[in-house]
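Fold and geometry: a report
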Amino acid sequence: MNTTHHRHIPTRMCVICRRRFPRNSLNRFVKGTNSQGKMTVYADEKKRMPGRGFYVCNSRTCQKKIEKVSGWHCKCRGES
Ligand SMILES: [Zn+2]
């Protein structure tokens, strides 16, 4: 049994405030497109979704910002 306590914990940076946190205390989001081909951000609660993920910490400021981002729709293309 290896119970050595490593000082190195895997960390990820919050994309909003750019501070580092242990990976398991962050919320993972994945960028993707919905059925209409629009860009969306999915909350990856199980941390198992494929694709490029990014992490957001639990601070209120960051949570609010990511909520906005999650509501993003790419408006650069004409909707038909
Ligand atoms: Zn943050």
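The preceding data block contains the structure.
What you see is a predicted model; the values in this text were computed from it and never measured.

The subject of this paragraph is the coordination of the zinc ion. The protein atoms donating to the zinc ion are Cys14 (SG), Cys17 (SG), Cys57 (SG) and Cys62 (SG), with metal-donor distances spanning 2.3 Å. Around the zinc ion, the 4 donor atoms sit at angles spanning 103 to 116°, and that spread fits a shape best called tetrahedral. Within one chain, the residues serving as donors to the zinc ion are arranged as C-x2-C-x39-C-x4-C. Of the residues examined, cysteine 17 reaches a relative accessible area of 29% and is grouped as partly exposed.

By the element assignment, valine 15 lies in the loop between strand 1 (11-13) and strand 2 (20-22). With 40 residues separating them along the chain, valine 15 and tyrosine 55 place their C-alpha atoms 6.1 Å apart. The contacts of valine 15, once residues within four sequence positions are left out, are Phe54, Tyr55 and Val56.

Reading the values: rules and limits
- Here the residue numbering is sequential within each chain, running from 1 through the sequence in written order.
- With pLDDT at 70 or above as the cut-off, local features in this predicted model cover only qualifying residues; side-chain atom pairs require 80 or more to be listed or tallied, and sums for whole chains, interfaces and linings still use all residues.
- Calculation of side-chain values draws on the structure's entire complement of heavy atoms; hydrogens and water are dropped beforehand.
- Only N, O and S atoms count as donors, using a 2.8 Å cut-off from the metal and 3.2 Å for Na, K and Ca, and because water is excluded some sites may appear unfinished.
- Labels for metal geometry use angle windows, namely 85 to 135 degrees for all angles of a four-donor tetrahedral site, and for square planar (four donors) or octahedral (six donors) sites opposite donors over 155 degrees apart plus all others within 65 to 115; sites meeting none of these are irregular.
- Relative accessibility under 20% of the residue-type maximum defines a buried residue, over 50% an exposed one, and the middle range a partly exposed one, all with a 1.4 Å probe and only protein chains included.
- Secondary structure elements are defined from DSSP: runs of H or I of at least 4 residues count as helices, runs of E of at least 2 residues count as strands, and each element is numbered from the N terminus.
- Here, residues are in contact when the closest pair of their heavy atoms is within 4.5 Å.

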